[in-house]
Every structure is written in C-alpha cells, then in structure tokens.
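What the coordinates show
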Amino acid sequence: MTKIVGDPNYIAVVGPVNSGVAKAQIPISNAAGLLQCSPSNTNTALTVGDAAKALRTKPNNYIRVVTNDAIQGPAAAAYIITVLKKTSVYIIDDTETFGKGIADSFEAEFKKRGGTVVKHDAAPKTTQDYVSIMTAAKALNPQSIYFGGVTASGGARIALAAAQVGLDVPFVGPDGINDGSGDTKDSFLNLANKVAKNAYSTLAGPGTFEGKDKFDADYKKEYGIDATGYAGQGYACTQVVLDALARAAKTNPKDSAALREAVRVAGTDTTYEYTLDVGKVKFDANGDTSQLIVSIYSFDPAAAKGKGDWKYETQVDAAQK
Amino acid sequence: MTAAAEVLRAKKVTKRFGGLVAVNAIDFTIPEKSIVSLIGPNGAGKTTFFNIIAGIYDPTDGAIEFRDLTMIAHARRAWMEPVLWVAIPAVLGILTALIGVAGAPQGTVILGIFITILALLASLVTGVARGPAYQRFLARFGIFRSARPNDMVVAGLGRTFQNIRLFQNMTALENVQVGMHSRLRAGWYDALLSTPRNRHEEAFSRARAEELLELVGLRGEGANLAKNLPYGDQRRLEIARALASNPVLLLLDEPTAGMNPNETAGLTALIGRLRRDLGLTILLIEHDMKVVMGISDRVTVLDHGEKIAEGTPEEIRRDPKVIEAYLGAPAE
Amino acid sequence: MTAIASPAAQPNPLSRGIRMTVIAVVAVVAYMLILWVLLFGLGGRTVANAFPEALQQTVNALSIGAIYALIALGYTMVYGIIELINFAHGDIFMLGAFLATVFIAGITGNNDAVTNIPLLIVLLLGALVFTMPIIGLLNVGIERAVYRPLRHAPRLAPLITAVGVSFILQNVALTIAGSGDRKSPQIFPLDWTIPIGGAQVSILSIFIFVLAMLLMLALQAFVSRTRLGRAMRATAQDQEASALMGVDANQTISLTFLIGGVLAAAAGLVWGLRFGFVRFDLGFNSGLKAFTAAVLGGIGNITGAVIGGFIIGFIENGAASLGYSRWSEFLVFVILTLVLLFKPTGILGQLTGDRA
Ligand SMILES: Nc1ncnc2c1ncn2[C@@H]1O[C@H](COP(=O)(O)OP(=O)(O)OP(=O)(O)O)[C@@H](O)[C@H]1O
Ligand SMILES: [Mg+2]
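Residue numbers restart at each chain and count upward from 1, following the sequence in its written direction. Chain labels run from A onward and ligand labels from 1 onward, assigned in the order the entries are written. For a predicted model such as this one, the threshold for reporting local features is a pLDDT of at least 70, and the threshold for listing and counting side-chain atom pairs is 80 or more; totals across whole chains, interfaces and linings nevertheless cover every residue. Only hydrogens and water are removed before side-chain values are computed, so all heavy atoms of the structure are retained for them.

On to the confidence of the model for chain B. Per-residue confidence from the prediction method is given by pLDDT, with values spanning 0 to 100. Scored by pLDDT, chain B has a mean of 84; 91% of the residues are at 70 or more. Reported confidence for the predicted complex is 0.87 by ipTM and 0.85 by pTM.

As structure tokens, this is what we get:
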C-alpha cells in the first residue's frame, strides 16, 4: 500500500478482500487521500465507532459496497428463526476479530428475536480436537449451529466434527465460509463436502441482482472460473471508481495529486446515488453502503458438476424492517 | 617376532592434554594369558593410558596395536579408502575403453569389461568384509577407519571403570546382557517379529548372564537394580558385564578400590580364576600393593606419564626409583 | 544357570504392569465421574443426561490423549538418548499425517467411508505399513544428516538446528500442499458406534486408543526385553560406558529416531481418520502439546510420556466439555510452565536418562 500511495499514477484502489488487511491499509491510504473501495470487508469497526476513527487522520477515503457484520450476523439470526424455524442455537466463534464480532452480533439478534442460545463457545484456529467440543455441543441439543469465523479458522473442521458426533442440524456461517464451490481449493464446501448438506452461509450483499446470470456467464468466459462470493461486488467497486473518476474529471484537476483528491471527494460523496450492477446505492459518511441487504445461501450438492456449490436462497433486507 | 604371543603392543604412546603430558612415549606390551599391572601414584597417567587402549582417546603420538591391528579412535584419511576401491576398476575400465577405441577385437573388449566388473565386485567385497590383512594394507597408506570404543569390544576388549559406571536403572542381569550386545545378532526385525532367533538369543543371553553372575559371585542377584546392590557387588557386576563380550583382554581399573580386606581377597581370587579358567589376559590398574604383588606376572610403574620401571613384582619391589616415587610415599 | 529366585526387593515386571493398569483404569473412571459431576454442577446439565456425555467425552479424551502420547514418545526417547529437544518432531507427525492421507486418497480416490470390514482393515494396515517406514527413515535421515554432525557441539547448536529443521519441513509441506486445510479421507465409518450407558461410543475412538496402546505395549516390550531395547536404555543412561560395552551409539541413536518416526506416523494416520483434515502447520501445535506431555511425564521417560499424553488429552477435553475450549491451550502451557518451574523432572522423573 505504501508503494501504491507513493505512486501518483494510482488514483484509487479496489480492495482489499480481508478486513484485517483493510485495518492495516486504511491509515496509509487515508493519510494519502487515496480512494479505496472494498468489495468484501464486512468488519464493523472499519467504518463505525472509535476504532474506525482511530484509523483515519484525514477526511474519509474508504467506502465499501457490502454491508457490515452488524447487519450480516443478525440477518443469519433472522433467517434461522423465521425461515428455518429453529428456536435454539449453539454458537462457536474462532476468537478472532471478525469471527467473534459477527458471532456476538448474531447472538444479540437471536436473543432479541426470542431464540435460545444454548452456549456461545469459542475455539481458536489452532484448536486440535473439535470432536470433543462438538460432543459437548450435542449434549446441549441445539436445533442449529452458528459459526463465527472463516474456513481457514476452523469452519469445515467444526462441520466435520459436528457430523461425526451425530449433531445433524443446520450449520450456518457468515461470508467467511461462502468461499467457493466444492471444486475450489481450500473452500468450505471442498473440505466439508460430505457433511455440508445442512449448511447455510451469508453474504453481506445482494445474492442476486438484475443481469446476474449474464454477469456470471461473462465472468466465466473472461476468467475461466465461476464467479464466486463477492465477484459482483468487485465489479461494483470498479463501477464506483470509474464513476467517481468521470465526475472528478469534470472538475479539471490541474495535476495528479489534485485528481486523486478529486476522485476521493467524488467517490465518498454521501449525496450521490450510484447505479451499480448490484443496484442503486449511496455511501454514508462512514463509507458504509445504503444497501443493507444480506443474502442467504444453502448447499446444492448437484452444482459445480456434482462437487456442490452454494445456492442463493433468499435475501434479508435490513432496510425494510 | 613374537607377535602372536602379544595381545597388545603400545608403541611410543604419548597423550597430551593441552600443555599437560599425561602419558609420555610409553612402550608397553601385554603377553597372552598374563596378568600385567600398571601402578603409579595418583595422576600418573594410568587411567589415561587405559582409555587410549580402550579407544576413548587417540594417542597424540605413537600407536596401539591390539591383536596385530592398529586401533585408533578417529578416522584418518578415511576418504582415501573409497578412492582406492574405485581406482583399480577405473583404471581397468579406462584401459578397456582405450583398447576398444584403438580397434581391438570385440572379444578382448568384452573380456576387459568383464575383468573391470570383477575388480569392482572384488573391491566391494574386500571393502565390506574388512579383514585384518586389508586393514594392515590400508594402514600402510596411512588410512585408518575409526575404531570407536564399540569396535574395540568387538575386537576383543573388555573393561571396568575406576568409578563404577553400571547402568544404574537396569537390573544386574540386564547389565550383563548389555555387555553381551556385540556377541548377539538379533536385529529390530527379529524383535518385531519375535523370530526364533530372537527368542533363542534372549534365552541364551539370559542363561549366559546368570552363569557370569554366578562366576563373579552374584548368584541370585540378577533381578536387582544395579543401584540397589552393595558397593562390592557393583564392582563384581562390572566385571561380569565386561566378561559378557567374551573379551581376550580384560582391563580392570582399580577393581578393589573402596573394598574391605575381605572383599579384596575375594576379588583377587576371582581375578586369578579368570585367567586360569577362562584363559583371559588381564591388565590391572591397582593401588593395593598386596593385590598387585600377589597376582601379577609383570608390573609396570608410571610416574608423571613416564614409565619408570618394569619387571616382575620382586624386581619392582626392590627398584629404588619405584620406592622413591611410589612405595616410599607416606600413604602406603 | 538355573532360574533366579528373585528377592522380594524388586517387584517383577508383570505385577508392575498390573499395578499401572489398575491406576490407569482408576484415573480414567475418576475423570469420568468428576466430569459427570462438573457437567451438572457447572455445565447446567441434568444428572441423568450428563452421564452419557461424560462417558463419551472420556472416550474422546482417551483418543486425543493416545495421539499426543504417540507423538510424545518421540520427544521423550530422543531426549532420553541424546538430550535433544527435537523441535522438528511435531512436523514429522504432520508429514506422517500427510503421507497417510496421500496413500489412502490415492487408493480410494474419494472420501467415502469404507464399510467393507476386510477392505478397511487392508487399507488401514496398508497405510501403516506404507507410512511408518518412510517417516521413520526420514527421521533417521534427518538425524544422520543434521543432528549427528552436531552431536559434540554445544547443546544450543542442535537445538536451534532442530527449530530450523522444523521450519524446513513445514515449508516443504506448505510448498507442496498449500496453506489451507487438506482433506483427509475418513475411511473409518464415523457412524459405527456402540451404545453404552446412553452414549454412542464411536468405534473409531476405540480403534485409535487400542492401536496406540498396542504400539506402546510393543514399544515397552521392545525396550525392556530385547537386545536393541536394552542397548537403547544403556545408551540413554551412559553413552560412553555402553559404547565401551560394545553398543554402537550411532546405530542405537538411529534406531531411536526410527521408532520415534514410526510412532509419529501412526499418530498421523489416526489423526486424519479422526479429524478429516491435515495442514502444513499441524505439527506445531500438536508438537508443542506432545512436548508438554513429555515434560509433564518426565522427559526421557517412556511411561511418563504416555501418562503425560493422556493427561494433556484429559485437560483439553475437560476444557472443551465444560465450554472453555478457548482456554485449553492456555491451560496446557500454564501446566508446561508450572512443571518446568516446580518439578522439571516431571511426574515420574527421568528414569531412562539417569546419567553418571
Ligand atoms: N580429559 C582430560 N583432560 C585434561 N587433563 C586430563 C584429562 N584426563 C586426565 N587428565 C590429567 O592427566 C593426568 C593423568 O590422569 P589419570 O587419570 O590418567 O591418572 P591416574 O594415574 O589414573 O590417577 P589415579 O590414580 O588418581 O586414578 C592428571 O594430571 C589428570 O589431571
Ligand atoms: Mg585413574
């Protein structure tokens, strides 16, 4: 990031993918006034609260087209209770910022909606024996499991262990486990394939939008791989940057530094409504999107040539509550 | 040469520890089936000399020949050995190739190749078998492969320690069985598969160990941990353990140290029996003059690393140099 | 010549074995009962439904404990014989797990459980026969190439080298297998269970425990009743003296590494069967825990390592059972620190490496 910031030819950045990385990058890009649009950062503390303020020394430069975990976690809770009709849940997180954060917001919403949290346990990603943990979980007879974390921090291992002890209930996780089909290396579905039949995941953005089929087909043609997870959001960010650039150009900035600043101003403009592939959105002063849509996916064993893939189920729009 | 009758020859053996000359140019021989004693005041260099013989140290100068083999602890010019193996076949191979290129008849070339392969096989066999003649041949080129202490045991040397070094947490019987290690063959696969060889060897080593314990007077003590045995018995156990490898030469470093007169007498008798009944050659380091004078055929006296006298016990007893250096010491 | 009438001073090995078994059974039952009480006391279960859970968790503890114990043996034996904390041993285990995975996946081609019992037995035995020698020899090779030249160097040199070897092995696995979890085929049917006292005790757990116990008993028999085993103990106690008794120290040390590698490979196989994944950094945590187990039992002591392995298994399982899994590692390392501070010789003390 330091290198990019130092090169005046860069006027904006699409990314990063991980919230942890964003936390390290924002202070640098912010100081340089470089517009950053993330397609997939969902950590609440990147945009809201004192933690977010601490990352910034200058006016905001960071926006994201996905909504945050304060929306994503509760959406899963709403789905479990209203659609899956399960009233109790066992929560386990990976003790990390993202996992614990989303599990906490899930727990609060689940309780608010009258559900029972039988236990909120946590196991760091270095945990060895998930079978014992799931044995304890099973004894509590939960009707569902919510996992706060990502595949690499234990998602698939927990699903495997749950199946091993015969805990056969819906397994719900955030976008951290919505990381590709059964054909994708290191993905949740690849690792937990056999036991994923009851798995659900969420994405902090619309799972479907006008022209999604065409988008997926074009994507496949261009890159030779399936459009997964936040591919549509990646494209949306690119649209945001191009749109901002077009508007910035109208101000006739005199040099590249001025252009960079003009792009930042145009990009973070809270009054402007973008028309993106994922729909019409605005960004607030924190950089969060006005689109509070979280989509829910279930497992489709037949997809991806029998390797299984996430199948869009429905979406929960927190804005219309 | 009376080589055959000498179990061990030390030729001008010197050992320096930094500036300290612990052993200085000692010539020394041990005739077969004799009991030779090494005496001298504390720090005279006896144990050091012993350790050189046992293969723990290399002499700084000189050499030890044990049963006509030069034994050293650290390899010297060992890299030359494989070169020698390859050299002869390589020369033959090149010659064959040359005559082939020069247009020799096909039969000759094939014969050449055949001879080359034979030479390769021959050097391989000699290299692996390592007979004494081969080792002497290597020694002539100054090539010594290391004779680590365990190789000395295989060659026929057994020893005890000045300060007891039994395997304290093993039983007396197991201690003796460890002593037998180099004479047994069972490998890991025997152990794993519990082959007849393994079972036979276990039974044999157990019986033999019990025999040896009985010989040194430890009958019925086999199941006791070494550390639980009384001091005198530990010394006897060390001897049994040393005997277990069927040594030709037995090195005993102060075997009666710390024993009461009764135990000492018993042990002296035992040493005598070992030579008589088992035909062992024994090198003894001892401070107790009664023991030394009673059983030795020959006594060598060291002082400050130098050999100051050598002869029969009678001669030593009368030697003025010895009396001055050693017997005259007030402690005696 | 005749059989020795052993004096009363030394209990014979059989009665010692029986005593150890009784202690072990009592300890396991005690753990189960304590867990039972804790589960309804702290965990909010009812008295009745806490029992099957306690039983099941005890079985879980035994199987993870068995895995730690198998790894811990490699640490303890190597330490016993050359006083080296072989930091790379955890990674040897990791490679064992990978190799077993590759073998099974290569043969079955999928991740399905194998319900045909003879076929399952053949596959499991095949995996053992394939991985154990390779990993064992790899361990021997590492000793030969890296640790042996440093045998007479200051103690710190081989220690640091071991850390280096650990990094190398991890990076080899990382390069070949990538950084994510790799799927390990769970060919042992996970739904095979035996109902006992309301619990569904998985046969895989029993298999893991029994396999580990068999290997450990074989090791015990090897060490105490064979020529090479005696040589190993003798070398551990006094390398110089045993060399002077005709024991080849190099050979014996190689054998120790071989056995350590073989046991780690077996642990690797059962790891994959139970948890269904392997990863390049698997050896780090497992290794640290197994090392803790070895220290806890008394490093250098074979029985101690086994006991330590099970204790670590119980601690981890206890934390998981009561919902404190996030503290389990912390607990394990607190124990390591406490043992190192207050009883560096561990529970049983260093029996095999009692140097002169
Ligand atoms: N490893 C060593 N390094 C340095 N000096 C040594 C070493 N071993 C022995 N020495 C020294 O060499 C000299 C001879 O020692 P050695 O042990 O051979 O004497 P000794 O005749 O056996 O004496 P004692 O009757 O006390 O056993 C002593 O001065 C001793 O300090
Ligand atoms: Mg001495």
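We now examine the domain arrangement of chain A. All names here are of chain A. Domains assigned within chain A are domain 1 (2-67 + 230-281) and domain 2 (69-203 + 293-320). Of the residues lining the interface, six residues belong to domain 1; the matching set on domain 2 comes to ten residues. Interface area, domain 1 with domain 2, both sides summed: about 670 Å², of which 48% is carbon and sulfur. Taken as a group, Thr42, Thr67 and Tyr230 account for 65% of the area that domain 1 buries against domain 2, more than any other trio of residues on that side. For this analysis, a polar contact is any N or O atom pair within 3.5 Å, provided that within protein one partner can donate a hydrogen and the other can accept it, and provided that sequence-adjacent residues contribute only side-chain to side-chain pairs. At the junction of domain 1 with domain 2, the criterion picks out three residue pairs in polar contact (both at pLDDT 80 or more). Within the side of domain 1 that touches domain 2, the residues separate by chemical class into one nonpolar, five polar and no charged. How far each domain reaches was decided by an automatic or database domain assignment. We call two residues contacting when some pair of their heavy atoms lies within 4.5 Å. Summed over both partners, buried area is the accessible surface (1.4 Å probe) that two parts give up on being assembled. Only Asp, Glu, Lys and Arg are considered charged, only Ala, Val, Leu, Ile, Met, Phe, Trp, Tyr, Cys and Pro nonpolar, and every remaining residue, Gly among them, polar.

Before going further, it helps to examine the sheet that holds strand β1 (residues 6-17) of chain B. Residue and element names in this part refer to chain B. Between any two strands, at least two bridges found by DSSP are needed for them to pair. Going along the chain from the N terminus, every DSSP run of H or I of four or more residues is numbered as a helix, and every run of E of two or more is numbered as a strand. Spatial ordering of the open sheet is given by β2-β1-β4-β5, a layout of four strands whose pairing is antiparallel. Each edge of the open sheet is held by one strand with a lone partner, namely β2 (20-31) and β5 (69-71). Strand-to-strand twist in this sheet, taken as the mean axis angle between neighbours without regard to direction, amounts to 25°. Here five bridges tie β1 to strand β4 (residues 61-66), and the two strands are oriented antiparallel to one another. Bridging from a neighbouring strand, leucine 8 pairs with phenylalanine 66 of β4. Here the axes come from fitting lines to C-alpha atoms, over the contacting stretch only for helices, and the angles between their N-to-C directions go from 0 to 180 degrees.

Moving on, we come to the coordination of the magnesium ion (ligand 2). Residues and elements named next belong to chain B. We call an atom a donor if it is N, O or S and sits within 2.8 Å of the metal, or 3.2 Å for Na, K and Ca. Water is not counted, so some sites may look partial. Donor atoms from the polypeptide that coordinate the magnesium ion (ligand 2) comprise Thr47 (OG1) and Gln162 (OE1), at 1.9 to 2.2 Å from the metal. Within this pair, whereas threonine 47 is found in helix α1 (residues 46-53), its partner glutamine 162 is found in the loop between β6 (157-159) and α6 (172-179), the two being separated by 115 residues in sequence. Accessible area is worked out with a 1.4 Å probe on protein chains only. A residue is then buried under 20% of its type maximum, exposed over 50%, and partly exposed in between. On the basis of relative accessibility, which here comes to 26%, the residue threonine 47 falls in the partly exposed class.

Turning our attention to the domain arrangement of chain B. The assigned domain composition of chain B is domain 1 (1-6 + 18-74 + 147-156 + 247-332), domain 2 (80-140) and domain 3 (167-229). Placing a centre on the C-alpha atoms of domain 1 of chain B and another on those of domain 2 of chain B gives a separation of 45 Å.

Residues and elements named next belong to chain C. With respect to the secondary-structure elements, leucine 128 resides in helix α4 (residues 117-147). On the basis of relative accessibility, which here comes to 9%, the residue leucine 128 falls in the buried class. Sequence separation of leucine 128 and phenylalanine 103 is 25 residues, and the distance between their C-alpha atoms is 9.7 Å. Aside from chain neighbours lying at most four places away, what touches leucine 128 is Pro133, Leu211, Ala266 and Leu269.

Bringing the sheet that holds strand β6 (residues 145-148) of chain A into the picture now. Residues and elements named next belong to chain A. Strand order in this open sheet of seven strands is β5-β4-β6-β7-β8-β11-β12, and the pairing throughout is mixed. Unpaired on one side and paired on the other, β5 (116-122) and β12 (309-317) mark the two borders of the sheet. On average, each strand axis in the sheet is inclined to that of its neighbour by 25°, with strand direction left out of account. Where strand β4 (residues 88-93) meets β5, six bridges bridge the pair, whose relative direction is parallel. For isoleucine 92, the partnering residue across the bridge sits in β5 and is aspartate 121. Docked against the sheet, helix α4 (residues 69-82) engages β6, β7 (171-173), β8 (199-203), β11 (293-300) and β12, running at close to 55° with respect to β11. On the sheet, helix α5 (residues 97-112) packs against β4, β5 and β6 and is oriented at approximately 165° with respect to β4.

Attention now moves to the packing of helix α3 (residues 89-108) of chain C against α4 of chain C. Residues and elements named next belong to chain C. One can describe the packing of α3 onto α4 by two numbers: an axis separation of 9 Å at closest approach and a directional angle of 145°. α4 is crossed by α3, and the crossing has right-handed handedness. Where α3 abuts α4, its residues His89, Ile92, Leu95, Gly96, Leu99, Ala100, Phe103, Ile104, Ile107 and Thr108 lie against Leu123, Gly126, Ala127, Phe130, Thr131, Ile134, Ile135, Leu138, Asn139 and Ile142. In terms of residue class, the contact of α3 with α4 is made up of 14 nonpolar, six polar and no charged. Whether a crossing is left-handed or right-handed is set by the direction in which the near helix is turned from the far one by less than a right angle, anticlockwise for left-handed and clockwise for right-handed.

Bringing the pairing of β11 of chain A into the picture now. All names here are of chain A. Counted residue by residue, β11 has seven buried out of eight residues, so it is predominantly covered. The pairing of β8 with β11 spans four bridges and is antiparallel. Bridge assignment links leucine 203 to a residue of β11, and that residue is serine 295. Alignment of β11 against β12, held across eight bridges, turns out to be antiparallel. Across the sheet, residue aspartate 300 finds its bridge partner in β12, namely aspartate 309.

A word on the interface of chain A and chain C. Each partner contributes to the interface: chain A provides 29 residues, whereas chain C provides 37 residues. Carbon and sulfur atoms supply 47% of the area buried between chain A and chain C, which totals about 2700 Å² over both sides. Considering only the side of chain A, the residues that lose the most area to chain C are Gln128, Arg157 and Gln164 of chain A, jointly responsible for 26% of the buried surface there. Salt bridges, as used here, are contacts in which a Lys or Arg side-chain nitrogen is within 4 Å of a carboxyl oxygen on Asp or Glu. Counting the contacts that link chain A with chain C gives three salt bridges. Counting the contacts that link chain A with chain C gives 13 residue pairs in polar contact (both at pLDDT 80 or more).

Our focus in this paragraph is the pairing of β1 of chain B. On a regular strand, each side chain points to the face opposite its neighbour's, so the side chains alternate between the two faces of the sheet. As paired strands, β1 of chain B and β2 of chain B are joined by eight bridges and run antiparallel to one another. Bridged to phenylalanine 17 of chain B within β2 of chain B is leucine 20 of chain B.

One broad trend across soluble globular proteins is that nonpolar side chains are buried collectively. Grouping buried Ala, Val, Leu, Ile, Met, Phe, Trp, Tyr and Cys residues that are joined through side-chain atoms within 4.5 Å yields what is termed a nonpolar core. Membership of the largest hydrophobic core comes to 142 residues, with the highest contact counts inside it found for Met134 and Phe188 of chain A together with Ile67 and Trp271 of chain C. The leading source of residues in this core is helix α2 (residues 47-82) of chain C, at 21 residues.

All names here are of chain A. Aromatic rings from Phe, Tyr and Trp, with only the six-membered ring used for Trp, were paired whenever their centres fell within 6.5 Å, and each pair was classed as stacked if the ring planes differed by under 30 degrees, edge-to-face if by over 60, and tilted otherwise. In the structure shown here, the tally under the stated rule is 29 aromatic pairs over all chains. Considering the side-chain rings of phenylalanine 215 and tyrosine 219, the 6.0 Å spacing of their centres and the 40° angle between planes classify their relative orientation as tilted. Highlighted residues: phenylalanine 215 and tyrosine 219, both in helix α9 (residues 212-223), separated by four residues, approximately one helical turn. Judged by relative accessible area, which is 15%, phenylalanine 215 ranks as buried. Centroid distance phenylalanine 215 to tyrosine 235: 5.7 Å. Interplanar angle 50°. Geometry classified as tilted. With phenylalanine 215 in helix α9 and tyrosine 235 in helix α10 (residues 231-250), this pair connects stretches of sequence that are 20 residues apart. Among the aromatic residues, ring-to-ring pairing joins Phe209, Phe215, Tyr219, Tyr223 and Tyr235 into one connected group.

This part covers the interface of chain C and chain B. By a frequent convention, interface size equals the accessible area lost on bringing the separate parts together. Opposite the 34 residues of chain C that make contact, chain B presents 42 residues. Counting every contact that joins chain C to chain B gives four salt bridges. Two residues, glutamate 174 of chain B and arginine 233 of chain C, come together in a salt bridge whose shortest N-O distance is 2.8 Å. The tally of links from chain C across to chain B stands at nine residue pairs in polar contact (both at pLDDT 80 or more). Those elements that provide at least two residues to the side of chain C that touches chain B are α6 (203-225), α7 (227-237), α8 (239-244) and α9 (249-275) of chain C. Among the elements that take part in the side of chain C that touches chain B, α7 of chain C stands out by supplying seven residues, more than any other.

Another point: the environment of glutamine 56 of chain C. Mapping glutamine 56 of chain C onto the fold places it in helix α2. In the structure, glutamine 56 of chain C is positioned 268 residues away from tyrosine 324 of chain C in sequence and 17 Å away in space, judged by C-alpha atoms. The residues touching glutamine 56 of chain C, leaving out its near neighbours within four places in the chain, are Thr135 of chain A together with Ala199 and Gln200 of chain C.

Before going further, it helps to spend a moment on the layout of surface pockets. Volume-wise, the second largest pocket comes out at about 1300 Å³. Among the secondary structure elements, those contributing two or more residues to the lining of the second largest pocket are α2 (19-32), α3 (49-55) and α5 of chain A together with α10 (282-297) of chain C. Of the residues assigned to the lining of the second largest pocket, the class counts are 15 nonpolar, 23 polar and eleven charged. When residues of the lining of the second largest pocket are assigned to domains, at least three map to each of domain 1 (2-67 + 230-281) and domain 2 (69-203 + 293-320) of chain A. Lining residues are those with an atom within 4 Å of a point, where the points come from a 1 Å grid over the protein atoms alone and group into cavities, where a 1.4 Å probe fits but cannot get out, or pockets, open sets with protein on both sides within 12 Å along at least five of seven lines. Grid points are joined across faces, edges and corners, and a volume is the space filled by probe spheres set on the points.

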